[in-house]
Amino acid sequence: MALDQITDRSTPLASLTKAASRIARSRSIEEMVETIRASARLLIGCEGIAVIRREGDLCHYVDEDAIGPLWKGQKFPISTCVSGWAMIHRQTVVIADIAKDPRIPTELYQRTFVRAVAMAPIRAEDPVGAIGAYWSQTYEPSRWEVETLEALAEAAAIAVENIGFHAHTVAAPAERVGDFSRDIATVSGIAAVPAILDVVLRMTGMGFAAVARVTDSRWVTCSALDHVGFGLGPGDELPIESTLCNEIRDHRQPVVFDDATADGVYCDHHTPRIYGLRGYISVPIILGNGSFWGTLCAIDPNPATVNNPQVLGAFKLFAELIAHHLDADERLKATEASLSQERELALFREQFIAVLGHDLRNPIAAVNAGTSRLIKEGFTDRSPLILKLMKTSISRMSGLVDNILDLARSRLGGGIVLNVQDGDLNETLQHATDELKAAYPDREVNASFAFGQNVELDHMRMAQMFSNLLSNAITHGAQGQPINVSGLMVNGELEVSVSNGGRPIPADQIEMLFHPFRRGDAKSGVQGLGLGLYIASEIAKAHGGRIDVRSDDAETCFTFRMRLAS
């Protein structure tokens, strides 16, 4: 049946009564909005529903339920949208064909499914919001449908009285300001901006001026001076496609006219028509690196004298001044970041020297003592043992030097360099496991490798990374509990895990494990630069992989994952 042939609705009166009752008994604005959103479409039989809250001179579309996206989270001046018309005139408005009604800002509807609309104000005697119903075809809603919409709005009005609408705020989606909170804070920190906006309005006689952040998809107010009740403050947005700044971003030239109705270019433009403005001036804010940041603009519902070299020159100068402050703020942040990095590097050097000196002292002392004894006693029955201990100390020093070189490569040389070759990873990791089992015969290490194919990577570095993870498990794991090692392929991803029992790693320490010189709560007598996990993570990164950590009372598990090339 065609929409225009429907004369009545079959919605049971009981369903409407129950919905209206739930709305009226709402204990919060959020509950009221959710109840309307969940029930209105089904009751009215429309393709979309929107709940609008009046916020001063703005209409805030707080929620919706529709077959396609509408304007949830966006705000519009009350004079520019149908919901505002319903609230201003305190009556329900029905528009059967949006293409034929001058109250419809058609540019904002072009990307939606909407072709017909009905809008009922909430608390008609003093509107605080509205409920909108939308259809995807041109359509004259029946009396029953309009009355249902009005009944829901009346129930919402009762809820408003019970709750105290103005004492509550229905939060806009967090992402609306989100990305631009830093820009808003930066502009608010520029002491000259309020003075610039004041001078702009005094100079032009206009009623609203703003500094706006403009991107490909967003128009966000960063600072504003409003003498005409346009209704925008810091953090408020306009749909980017409804603004002239959308065009300014592309051509980077000022747009200015004294009276839109008399201007040959902008007399039929949608922006003046949507927002009811006649006088307009906006100039781009271009940063020192040549990037477009936003605009400095001023508007007024009345004609203004702005299209002249004096006013345009002043606006350009103000825009350049704002850009200069924005550049200075970026330079300051970059300087602070550089200073922080230098401090970190200085601390890094101090730690490096202290830890290296500490960890080299013992093996050097052992070699020195062994040499002195051999010189004093000559070769005796104890000499092989002394030489073996000296060799162990030299090996330890060699390991320290290797770690230092790896640290230098990763920090100063652009990362660890790989020598990628095809080989049997099962054999590579089993060999590394056998070496450590031989070095720690009293520890139980259970290993299982099942890669099933040769793998192209740096096998020597992979053995080093795996050995560091296994050494860490031996050092920090519970003495009487086994260490479990596994390696396999999972959906084209290489996975190597090393797990041990013992005390869990505190959650706030996990992200610090892979920093250099971090030894955690190493047991007494444990030596080393604290570089093992750091170097392991650098090897993982060099392979395009990562090391994940999971730690609880049951076990601590380090897992290396790497996506294999297809």
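Preceding this section is the structure that the text describes.
Residues numbered from 1 in each chain as written. Predicted model: local features only at pLDDT ≥ 70, side-chain atom pairs only at ≥ 80, totals over all residues. Heavy atoms only, no water.

Novice: What's the story with the overall build of the protein chain in this structure? I'm lost.
Specialist: Broken down by element type, the protein chain carries 16 helices and 19 strands. For the protein chain, buried positions account for 48% of its 566 residues. Split by element, the accessible area of the protein chain, about 27900 Å² in all, is 52% carbon and sulfur. (Helix = DSSP H or I, 4+ residues; strand = E, 2+ residues; numbered from the N terminus. Buried < 20%, exposed > 50% of the residue type's maximum accessible area, 1.4 Å probe, protein only. Areas by Shrake-Rupley, 256 points an atom, 1.4 Å probe, with all protein chains shown as cover.)

Novice: Quick question: what am I supposed to make of the sheet that holds strand β17 (residues 493-500) here?
Specialist: To summarise the sheet geometry, strands pair through backbone hydrogen bonds and adopt either a parallel or an antiparallel arrangement. Reading across from one edge, β14-β16-β17-β19-β18 is the order of the five strands in this open sheet, with mixed pairing throughout. The open sheet has two edge strands, β14 (445-450) and β18 (546-551), and neither has a second partner. Along the sheet, successive strands turn relative to each other by an average axial angle of 15°, direction set aside. Note that β14 and strand β16 (residues 483-490) share six bridges and pair parallel. (Pairing = 2+ DSSP bridges. Axes fitted to C-alpha atoms, helices over the stretch in contact; angles between N-to-C directions.)

Novice: So what exactly am I meant to see when it comes to the packing of aromatic side chains here?
Specialist: Each aromatic ring pair is characterised by the separation of its centres together with the angle its planes make. The final tally for this structure, using the stated rule, is ten aromatic pairs. Taking the centre distance of 5.2 Å and the plane angle of 55° together, the rings of Trp135 and Tyr139 count as tilted. Accessibility assignment for this pair places Trp135 and Tyr139 in one class, buried. One aromatic cluster in this structure is built from Tyr61, Trp71, Phe76, Tyr109 and Tyr134. Sitting over the ring of Trp85, Arg103 keeps its end group 4.4 Å from the ring centre. (Phe/Tyr/Trp six-rings, centres within 6.5 Å; stacked < 30°, edge-to-face > 60°. Lys NZ or Arg CZ within 6 Å of the ring centre and 35° of its normal.)

Novice: Help me out: how do you make sense of the nonpolar core in this one?
Specialist: When a protein is soluble and globular, its nonpolar side chains tend to lie buried together. Among the nonpolar cores identified, the biggest contains 38 residues, and Phe466, Leu470, Leu494, Ile547 and Phe560 are the most heavily contacted of them. It is helix α14 (residues 459-476) that contributes the most residues to this core, eight residues altogether. For Ile547, the residues in contact, after removing those within four places along its chain, are Met465, Leu469, Phe514, Ala536, Ser537, Ala540, Phe558, Thr559 and Phe560. Judged by nonpolar contacts, the second largest core, of 33 residues, contains Val187, Val211, Val283 and Val306. (Core = buried A, V, L, I, M, F, W, Y, C linked by side-chain atoms within 4.5 Å. Contact = heavy atoms within 4.5 Å.)

Novice: Hey, could you run me through the sheet that holds strand β11 (residues 279-286) in this one?
Specialist: The antiparallel open sheet is built from six strands, whose spatial order is β9-β8-β7-β12-β11-β10. The strands lining the two open edges of the sheet, one partner per strand, are β9 (237-238) and β10 (255-257). Here strand β7 (residues 208-214) runs beside strand β8 (residues 219-226); their pairing, made up of seven bridges, is antiparallel. Within β8, the position partnered with Arg213 by the bridge is Val220. On the sheet, helix α7 (residues 181-188) packs against β7, β8 and β12 (292-300) and is oriented at approximately 30° with respect to β8.

Novice: Before we go on, may I ask you to explain the pairing of strand β5 (residues 116-122) in this structure?
Specialist: In summary, the side chains of a regular strand alternate between the two faces of the sheet. For β5, the tally of buried residues reaches seven of seven residues, placing the bulk of the element in the interior. When strand β4 (residues 93-95) meets β5, the two strands line up antiparallel, connected through three bridges. When the bridges of β5 are listed, Ile95 appears paired with Val117. The turn linking β5 back onto strand β6 (residues 129-135) is made up of six residues, and Arg123 within it adopts a positive phi angle of 65°.

Novice: Mind showing me how you'd approach the pairing of strand β2 (residues 58-66) here?
Specialist: β2 sits mainly inside the fold: seven of its nine residues count as buried. The pairing of β2 with strand β3 (residues 75-77) spans three bridges and is classified as antiparallel. Across the sheet, the residue bridging to Cys59 is Phe76, located in β3.

Novice: How should the packing of α14 against helix α16 (residues 532-542) be read in this particular structure?
Specialist: Angle between the axes and distance between the axes are the two parameters that describe a pair of packed helices. Close contact between α14 and α16 brings their axes to 9 Å; oriented N to C, the two are set at 145°. Our pair here, α14 against α16, has a crossing hand that is left-handed. Counted together, Arg461, Gln464, Met465, Asn468, Leu469 and Asn472 of α14 and Gly532, Leu533, Ile535, Ala536, Ile539 and Ala540 of α16 form the full contact between these two elements. Taken together, the residues of the contact of α14 with α16 sort by class into seven nonpolar, four polar and one charged. (Left-handed = near helix turned anticlockwise from the far one by under 90°. Nonpolar A, V, L, I, M, F, W, Y, C, P; charged D, E, K, R; others polar.)

Novice: Mind showing me how you'd approach a positive patch on the surface here?
Specialist: A grouping of Lys18, Arg22, Arg25 and Arg27 is seen on the molecular surface, where their side chains present a positively charged patch. Following the sequence through the fold, Arg27 ends up in the loop between α1 (13-24) and α2 (29-44). (Patch = residues over 30% accessible without salt bridge, like charges linked within 9 Å, V, L, I, M, F, W, Y side chains within 5 Å. Salt bridge = Lys/Arg side-chain N within 4 Å of Asp/Glu carboxyl O. Lys, Arg positive; Asp, Glu negative; His and termini not counted. Charge placed at Lys NZ, Arg CZ, Asp CG, Glu CD.)

Novice: What exactly am I supposed to notice about α2 here?
Specialist: An α-helix turns once every 3.6 residues. As a result, residues three or four positions apart point the same way. Relative to the 22 Å expected for 16 residues at 1.5 Å per residue, α2 spans 22 Å between its end C-alpha atoms, a close match to the ideal helical length. Along α2, the sharpest change in direction is near 30° and occurs at Ala38. (Expected span 1.5 Å × (residues − 1). Bend = angle between axes of the 7 residues up to and from the residue.)

Novice: Honestly, the state of the cysteines in this entry has me stumped. Any pointers?
Specialist: In a disulfide, the sulfur atoms of two cysteines are held together by a covalent bond. Evaluated as defined, the whole model comprises zero disulfides. Between Cys245, a cysteine without a disulfide, and Cys297, which holds the nearest cysteine sulfur, the sulfur-to-sulfur distance is 5.1 Å. (Disulfide = S-S within 2.5 Å.)

Novice: Looking at this structure, I do not really get the packing of α2 against helix α5 (residues 143-163). What am I missing?
Specialist: For the pair α2 and α5, interaxial distance at closest approach is 11 Å and the crossing angle is 170°. By the angle between their axes, α2 is roughly antiparallel relative to α5. Taken together, the residues of α5 that come into contact with α2 (itself represented by Ile29, Met32, Ile36, Ala40, Leu43 and Ile44) are Trp144, Glu145, Thr148, Leu149, Leu152, Ala156, Ala159, Val160 and Ile163. Here the contact of α2 with α5 is built from residues that sort into 13 nonpolar, one polar and one charged. (Parallel < 35°, antiparallel > 145°, perpendicular 65-115°, else oblique.)

Novice: What am I meant to see in the environment of Ser181 here?
Specialist: With respect to the helices and strands, Ser181 occurs in helix α7. Since its relative accessible area comes to 42%, Ser181 is described here as partly exposed. Through-space distance from the C-alpha of Ser181 to that of Pro234 is 9.4 Å; in sequence the pair is 53 residues apart.

Novice: Can you help me understand the environment of Phe318 in this one?
Specialist: In this fold, Phe318 is placed in helix α11 (residues 309-377). Taking the C-alpha atoms as reference points, Phe318 and Val199, separated by 119 residues in sequence, lie 9.9 Å from one another. Not counting residues within four places of it along the chain, the set of residues in contact with Phe318 comprises Ile196, Val199, Val200, Met203 and Leu296.

Novice: When you look at the pattern of salt bridges in this model, what are you seeing that I'm missing?
Specialist: With the rule as written, the count across this model stands at 25 salt bridges. For Glu330, the salt bridge is made with Arg182, and the minimal N-O distance between the two is 3.1 Å. Note that Glu330 is positioned in helix α11 and Arg182 in helix α7, a separation of 148 residues in sequence. On the accessibility criterion, Glu330 (40% relative accessible area) is partly exposed. Here Arg278 ties to Asp259 by a salt bridge, and the two come within 2.7 Å at their closest N and O atoms. Taken as a pair, Arg278 in the loop between α10 (270-275) and β11 and Asp259 in the loop between β10 and α10 lie far apart in primary sequence, 19 residues in all. Each of Glu34, Arg37, Arg41, Asp63, Asp65 and Lys72 takes part in salt bridges that share partners, so that together they form one network.

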